[in-house]
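# Geometric and topological summary
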Amino acid sequence: MIPELGHFALWLALAVGLVQAIVPTVGYARRNLRWMSIAGAASQVQFLLVVVSYLCLSEAFRQNDFSVAYVAANSHSALPLIYRLSAVWGAHEGSLLLWLLMLSGWAFAVSIFNRRLPADISSLVLAALGAVSVGFLLFMLLTSNPFDRAFPIPLEGRDLNPLLQDPGLIIHPPMLYMGYVGFSVAFAFAIAALVTGRMDSAWARWARPWTTTAWLFLTMGITLGSWWAYNELGWGGWWFWDPVENASFMPWLVGTALIHSLAVTEKRGLLQSWTLLLSIVAFSLSLLGTFLVRSGVLVSVHAFATDPARGVFILAFLGVVVGGGLLLYAIRAPKLVRQGEMQLASREGLLLFNNVFLVVTAAMVLFGTLFPLLMDALDLGKYSVGPPYFNRMFFLLMAPLAVLVGFAGVVSWKRANLVESFKPLRLLALVAVVLGIALPFVTQGQGSVAASAGAVLAVWVLVTSVQEVWRRVRAKPSLAAGLRSVPRGAWGMTLAHIGLGVWTMGVAFASTFNVEKDVRLGSGQSADIGRYEFRFDGVTHVEGPNFKSDTGHVVVSYRGREIATLNPEKRLYPSQGSVMTEAAVDHNPLRDLYVAMGEPIDKNDANGDWALRLYYKPMMRLVWFGGVLMFFGGILAATDRRYRLAQRASASIPDGAAAA
Amino acid sequence: MRYVRYTVPVVILLLLIFLFYRGLALDPREVPSPLVGKAAPAFELPLLEPEGQSLTPKALGGRPVLVNFFASWCAGCQVEHPLLMELSKQGVEIIGMDYKDEPADVRRWLQRHGNPYRQVAIDRVGQAGLDWGVYGVPETYVLGPDGTILFKQIGPVTPQAWERDIRPLLVGAR
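Only a predicted model underlies this, so the values are computations on that prediction, with no experimental measurement involved. (Residues numbered from 1 in each chain as written. Chains lettered and ligands numbered in written order. Predicted model: local features only at pLDDT ≥ 70, side-chain atom pairs only at ≥ 80, totals over all residues.)

Within chain B, the secondary structure is distributed over five helices and seven strands. Counting helices and strands in the order they occur from the N terminus, chain B gives α-β-β-β-α-β-α-β-α-β-β-α. Here the C-alpha coordinates of chain B stretch approximately 70 × 35 × 30 Å along the principal axes. Nonlocal contacts in chain B, meaning residues at least 24 apart in sequence, comprise 73% of its contacts between residues at least 6 apart. (Helix = DSSP H or I, 4+ residues; strand = E, 2+ residues; numbered from the N terminus. Contact = placed C-beta atoms within 7 Å.)

This paragraph deals with the domain arrangement of chain B. For chain B, the assigned domains are domain 1 (1–31) and domain 2 (33–173). Its C-alpha centre places domain 1 of chain B at a distance of 35 Å from the equivalent point of domain 2 of chain B. (Domains from an automatic or database assignment.)

This part is about the pairing of strand E9 (residues 591–600) of chain A. Residues and elements named next belong to chain A. By the criterion of burial, E9 is predominantly enclosed, with eight of the 10 residues buried. Both strand E8 (residues 584–588) and E9 contribute to a ladder of five bridges, which runs antiparallel. Paired with His 587 across the bridge in E9 is Asp 592. Where E8 hands over to E9, the hairpin turn is made up of two residues, counted between the paired strands. Looking at chain direction, E9 and strand E10 (residues 610–618) are connected through eight bridges and run antiparallel. Counterpart to Met 597 in the pairing with E10 is Leu 612. (Buried ≥ 20, exposed ≤ 12 C-beta atoms within 10 Å, placed from the backbone. Pairing = 2+ DSSP bridges.)

Here we take up the sheet that holds strand E6 (residues 139–143) of chain B. Residues and elements named next belong to chain B. Strand order in this open sheet of five strands is E5-E4-E3-E6-E7, and the pairing throughout is mixed. Only two strands of the sheet have a single partner each, and these edge strands are strand E5 (119–123) and strand E7 (149–154). Strand after strand, the sheet turns through a mean of 20° between neighbouring axes, direction not considered. Pairing analysis gives five bridges linking strand E3 (residues 65–70) to E6, with the strands arranged antiparallel. When the bridges of E6 are listed, Asn 68 appears paired with Thr 140. (Axes fitted to C-alpha atoms, helices over the stretch in contact; angles between N-to-C directions.)

Let's shift gears to unusual backbone geometry. Residues and elements named next belong to chain A. Here the bond from Phe 151 into Pro 152 is cis, since omega is -5°, no more than 30 degrees from zero. Backbone geometry places Asp 159, a non-glycine residue, at a positive phi of 80°. Tracing the backbone shows Asp 159 in the loop between helix H6 (119–143) and helix H7 (167–196). For Asp 159, a count of 25 C-beta atoms within 10 Å gives the class buried. Phi is positive for Trp 241, close to 55°, though the residue is something other than glycine. With respect to the helices and strands, the residue Trp 241 is situated in the loop between helix H8 (201–232) and helix H9 (243–268).

All names here are of chain A. What the domain assignment lists for chain A is domain 1 (1–160), domain 2 (413–513) and domain 3 (515–621). Counting residues at the interface gives seven residues for domain 2, matched by five residues for domain 3. The set of elements that each furnish at least two residues to the side of domain 2 that touches domain 3 consists of helix H15 (426–444) and helix H18 (488–512). A per-element tally of the side of domain 2 that touches domain 3 places H18 first, with four residues.

What follows concerns the sheet that holds E10(A). Residues and elements named next belong to chain A. Spatially, four strands are ordered E1-E10-E9-E8 in an open sheet, and the strand pairing comes out antiparallel. Both outer strands of the open sheet, strand E1 (515–521) and E8, are each paired with one neighbouring strand and no more. Pairwise comparison of adjacent strand axes, ignoring direction, gives a mean angle of 15° for this sheet.

Moving on, we get to the nonpolar core. Formed by 192 residues in total, the largest nonpolar core has its most connected members in Ala128(A), Ala186(A), Phe189(A) and Val254(A). When residues of this core are assigned to their parent elements, the largest contribution, 18 residues, is made by H7(A). Dropping the residues within four chain positions of it, Ala186(A) is found in contact with Ala207(A), Trp210(A), Thr211(A), Ala214(A), Leu258(A), Ser279(A), Ala282(A) and Phe283(A). If you look at the next biggest cluster of nonpolar residues, it comprises 41 residues, including Cys77(B), Tyr99(B), Tyr135(B) and Trp162(B). (Core = buried A, V, L, I, M, F, W, Y, C linked by C-beta atoms within 7 Å.)

A word on the packing of helix H1 (residues 2–29) of chain A against helix H2 (residues 33–62) of chain A. All names here are of chain A. Where H1 meets H2, the closest approach of the two axes is 8 Å, and the angle between their N-to-C directions is 165°. Accordingly, the angle class assigned to the pair H1 and H2 is roughly antiparallel. Relative to H2, H1 is oriented so that their crossing is left-handed. Residues that form the contact of H1 with H2 fall into these classes: 25 nonpolar, seven polar and one charged. (Parallel < 35°, antiparallel > 145°, perpendicular 65-115°, else oblique. Left-handed = near helix turned anticlockwise from the far one by under 90°. Nonpolar A, V, L, I, M, F, W, Y, C, P; charged D, E, K, R; others polar.)

Now for the environment of Ile17(B). In this structure, Ile17(B) sits in helix H1 (residues 2–25). Residue Ile17(B) is classed as partly exposed on the basis of its C-beta count, with 17 C-beta atoms lying within 10 Å. Among all residues touching Ile17(B), those that are not within four sequence positions of it are Leu315(A), Leu318(A) and Gly319(A).

Another point: the pairing of strand E3 (residues 532–543) of chain A. All names here are of chain A. Here strand E2 (residues 526–529) runs beside E3; their pairing, made up of four bridges, is antiparallel. By the bridge assignment for E3, Asp 528 is matched with Glu 533. In this structure, the hairpin formed by E2 and E3 is closed by a connection of two residues, where Gly 530 is found at a positive phi of approximately 55°. Where E3 meets strand E4 (residues 548–558), 10 bridges bridge the pair, whose relative direction is antiparallel. Across the sheet, Glu 533 pairs through a bridge with Ser 557, a residue of E4. Joining the antiparallel neighbours E3 and E4 is a turn of four residues.

The next thing to look at is the confidence of the model for chain A. Residue and element names in this part refer to chain A. Of all residues in chain A, 93% attain a pLDDT of 70 or more, and the chain-wide mean is 87. Per-element confidence in chain A ranges from a low mean pLDDT of 64 for helix H20 (residues 641–649) to a high of 96 for H1. Counting interchain partners and residues more than four positions distant, the pLDDT-below-50 stretch residues 299–305 has 22 contacts. This stretch, residues 651–660, has a pLDDT under 50; its non-local contacts, to residues over four places away or in other chains, come to 11 contacts. (pLDDT = per-residue confidence, 0-100.)

And the structure:
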């Protein structure tokens, strides 16, 4: 009964979605305010319906209702409750429901927070979101209904993919989806701007907090995904340039560019059509991500979730939504452009360069991801594109970006004398170069060109970010007054840039000074990495709720003093017959010590010698900590006071809003 | 002419959609290999161990085997690897074809993850892979005792694929 209720709620949500998409649009065409205002109510009702549907599916999981095919395929009665609830998004159908929940949640939030926006903009934004939700609902209801019943009813579920039974995976997909889906709001704002012809600083001010919010979730989602892969896949890596990772990274890059171009559009009223294009492209790449993950066009680690038949639907959907958006852009954008004056020697000029680098990086990732498919489609042979391509290109494109970050802070808007502006940075540049070159020697006792280059960039970003705030503070009579005078948005920006610096430092060190050792150890034997000694104390057999584990005991000593006991595991999940590696990590800000279980040398004797993998990864934490800082920077920036003020100030309905 | 610029994105989109549409048609999971039912393509590749010796299809005859194209750089191979280990424990004979890889790398990889293979041949330039129609690693071929290809699994071998597609073939062929 409950699954049917959930299914029915989805059909109702579809009906409401159609109303939400059509009625306000017609209302806008006819200048009928009442019709337009239906958008808000419709999106709230739809959100409610989707919540009901989502709760129904969660309830089916909670009850172990294996008569529901999706539950039977992704749950097990021995699965802990928390994983049963997160199993809702453990596979295709439920992920879509989560996607939809977030989409309608975003629309709900828009309907609440943007009530004071001009009626034409807010109702068209909601109508565009409604149209996207209709596409997703049709996709679910026609090709991937999570509430389908199975007959005969299986006695036991096939269990959640053990890869997904990890705390990181409880929050990684929701965060990532919040980001993906959040760009739909920027997209909808772009559509509204194109339709109404209203594209100015006020528009940018409305779109900015939404975009930043989507971006911060995506940042966190990617960070968590990387952290999960590190702990769960057991080969010590944290980024693989896997197609699905790339699919999440591309919208992030374009979204980052969008945040910066929105700043230019808000402050200077420039780059309007570019900002609109980025808004459309960021969401397009999110949809593309969905397509890549769900269609099986590209094979990757995440390929357990693929189904080509559904690919056709998503492709058509992609064509309609993105094609419609871009077509509208092609027709309307030329009319929106005002010939503003743009000096390259200005902050907006540097931000334009920032955009160029970010978008080119995204294009590079897209190209690398699709190249094998492209060559195959053209019958030019089989290719694979690996990390060497991505790493090299990425460094070449990101290094100038890091340099730019430092400069942009001191260059003024409109027009600047670059030479004069850069003068205060000379000392900082010197500090960055000296400190950057010295850091590898001081902390690791050895040099490396790559690590030094990365460290120079990292220190540069850090010191220039801090000094930018410092300049603002110093201009005020007292420290307290100075700190208060810095707007929250500027704190957010600074924090995010510090995050970038921290991240760069982490990447530079973790990838250059990473030491990896494969060893064979018997109980009581030990192996060394530098001054760290890893003593293997054998394994014990542990019965988990739905798995059997060989838990290893490894005692780590530093210069003869015991500092940690690590318990890496080799888990067998009998319900799926799969073996998982749970790495054990001891970490502090300066280094990670990572141990993963390989195989017992004698397959039948778990108490004999084992193959173990030991890693020493300096500054590994900084990679994720940088992402976390960016996340909090995003929160600060999105909640800046002036966005709330901006809404109140523009609570009137402009007449003649429909520019031809 | 100013307007042409603004149509560039939509044109790119159309090209991408065309590409993806082709991509779906090309989908490795959906297209059965034209080699199924035919004799395995010839090759002569150096073995990983013992060095200096080589492997030809002749050596595979007489009993059903799995021929698994893999590589140390391949993420999907990592996914299927535990299952292969399990199968080799159960006595399934698996031949590893190390695709576009360096012997040193694969040796390390096998040491680290365990070696489920009866023999590992090094297809360093990927020529054998090309002849066998390998789309991307991992791919697994089921060979009958007479050396014909009975089935091709594209992407990681999953427990479902093993139960549904592969095991019945091995049992039938024995």
